[in-house]
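Read off the chains here:
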Amino acid sequence: MANTLNGINLDAIAQKTLDFLGLMFFPLTAVTRDLSQEILTQGNSVTTRVASSVPAVSVAAGYTAQDVTSTSKQVTLDKNKGFPFALTDAEVQKSAFGYDWLRDIFMVPALESVLKAAMADLLALATAANFTTTPRTITAANFDADDVVDLQTDLDGINAPTSDRALIIKPTYRGSLVKDNPIQDAAAYGGVEAIREGRVPRVSGFSPITYNNIPANGESLEGVALHASALIIAARPQVVPNNFPGQVVNTSDPLTGLPLQFRYWYDANNKKEMLSVEALYGVAVGNGTAAVRIKSA
């Protein structure tokens, strides 16, 4: 007879884990997301649309309609990534400590691995071939508020919309911003986030997002300033398999809407409780003129 983690319900585990983890998924809010909650029953791709950048024109002498372009982007749901792990019967006894023990020791790292996989696939697209705007070459030690202004100017220069912009940078770059005198001058912002909390307030239209796992992509990539249309992630909940010998829960991250599937079953042959957290998704380049890469060399 299958064990049930001493009465701990998989729905409760999923919900408490997501409540704890919401902000960890925050980097995904920087990109365009097509995350329907409809179970994928046919087809293996999603078609979404992104708007192209548009310039302002003079209307002093009247109005001439300008062309607007909405580009169709097909995203293949070709990535089914997750993290399965096992607990021996002896280890399961420790779950008597409650939800927090199971969440902190096992579920949080499992969910973090799914996030890292999705972000790695997205940021792997941040290359010179996909985004041809001249990158900014800035070392972490020299990164300051003036550089953020330059990145804002770059995005303005390529007509990236001013809303839904994001600056994704490594912790070393965030650290340099925190140390920058204009940012540390709390009086300039009416707050003390940089001094007390080590947080960077909004700078030149950005709320910097710190992410430690930005891939170099063979091009010394350290970060990216982008409009949400530059990169796309599409995801769908997975079908619950018929006659699955355990529990399956489909849910979604409350902050980003990323669909996730939790599975639990008992491996009687090896006397192990098996759990898995996974996602079905795909990534694509959206608007190739809506991002500026940050390089260290």
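Just so we're clear, the structure is a prediction, and the values are computed from it rather than from any experiment. (Residues numbered from 1 in each chain as written. Predicted model: local features only at pLDDT ≥ 70, side-chain atom pairs only at ≥ 80, totals over all residues. Heavy atoms only, no water.)

Counting secondary structure elements, the protein chain contains eight helices and 13 strands. Here the protein chain holds 297 residues, and the buried ones make up 45% of them. With an accessible surface of roughly 14,600 Å², the protein chain has 49% of that area assigned to carbon and sulfur atoms. (Helix = DSSP H or I, 4+ residues; strand = E, 2+ residues; numbered from the N terminus. Buried < 20%, exposed > 50% of the residue type's maximum accessible area, 1.4 Å probe, protein only. Areas by Shrake-Rupley, 256 points an atom, 1.4 Å probe, with all protein chains shown as cover.)

For the structure on display, the rule yields three aromatic pairs. Ring centres of F143 and Y173 lie 5.3 Å apart, and the angle between their planes is 65°; on these two criteria the pair is classed as edge-to-face. In this pair, F143 is assigned in the loop between β5 (136-137) and α4 (145-157) and Y173 in helix α5 (residues 171-179), connecting sequence segments 30 residues apart. Its relative accessible area of 1% is what places F143 among the buried residues. Taking relative accessible area as the criterion, Y173 reaches 1% and is therefore assigned buried. A centroid spacing of 5.9 Å and a plane angle of 80° characterise the contact between F244 and W265, whose relative ring orientation is edge-to-face. (Phe/Tyr/Trp six-rings, centres within 6.5 Å; stacked < 30°, edge-to-face > 60°.)

The next point concerns the side chain of K170. Along the polypeptide, K170 turns up in the loop between β6 (165-169) and α5. Note on K170: relative accessible area 19%, which makes it buried. With residues up to four places along the chain from it excluded, the contact list for K170 reads T210, Y211, I214, L221 and E222. (Contact = heavy atoms within 4.5 Å.)

Turning to its location among the elements, N80 is positioned in strand β4 (residues 79-88). The exposure class assigned to N80 is partly exposed, which follows from its relative accessible area of 45%. Here the alpha-carbon distance between N80 and A118, two residues 38 residues apart in the chain, equals 9.9 Å. Excluding anything up to four places from it in sequence, N80 contacts Q238, E278, A279 and L280. Polar contacts involving the side chain of N80 include one to the side chain of Q238, which spans 3.4 Å. Side chain to side chain, N80 and E278 meet in a polar contact 3.4 Å long. (Polar contact = N/O pair within 3.5 Å; in protein donor to acceptor, adjacent residues only side chain to side chain.)

Our next topic: unusual backbone geometry. Comment: phi is negative for the bulk of residues other than glycine, and the bulk of peptide bonds are trans. The phi dihedral of N217 is positive, around 55°, even though this residue is not glycine. Relative to the assigned elements, N217 resides in the loop between β7 (209-210) and β8 (221-227). A positive phi angle, near 60°, is found at S220, a position not held by glycine.

The next point concerns α4. Compared with an ideal rise of 1.5 Å per residue, which puts 13 residues at 18 Å, α4 spans 18 Å between its outermost C-alpha atoms and is within 8% of the ideal. Three or more residues of α4 are buried, namely A145, D147, V148, L151, D154 and L155. The buried residues of α4 occupy one face: seen down the axis, they fall within an arc of 165°. Of the residues in α4, the exposed ones pointing more than 90 degrees away from the buried face are D146 and G157. By the N-cap criterion, in which a side-chain oxygen at the helix start approaches the backbone nitrogen of a residue two or three places on, α4 is capped by D144, the distance to D146 being 3.1 Å. Immediately downstream of α4, the backbone of N159 shows phi near 60°, a positive value. (Expected span 1.5 Å × (residues − 1). Arc of directions from axis to C-beta.)

Another point: the confidence of the model for the protein chain. With 75% of its residues at a pLDDT of 70 or more, the protein chain has an overall mean of 80. Low pLDDT, under 50, characterises residues 1-7; the stretch is placed with 19 contacts to residues that sit more than four places away or in other chains. Here residues 194-198 is a poorly scored stretch, pLDDT under 50, and it has nine contacts once near neighbours within four places are set aside; other chains count. (pLDDT = per-residue confidence, 0-100.)

A word on the pattern of salt bridges. With the rule as written, the count across this model stands at eight salt bridges. Taking the shortest distance from any N to any O, the salt bridge between E112 and K116 comes out at 3.6 Å. Of this pair, E112 and K116 both sit in helix α3 (residues 99-123), four residues apart, which is roughly one turn of that helix. Residue E112 is classed as partly exposed on the basis of its relative accessible area of 27%. Since its relative accessible area comes to 35%, K116 is described here as partly exposed. D150 serves as the salt-bridge partner of R136, at 3.9 Å between the closest nitrogen and oxygen. (Salt bridge = Lys/Arg side-chain N within 4 Å of Asp/Glu carboxyl O.)

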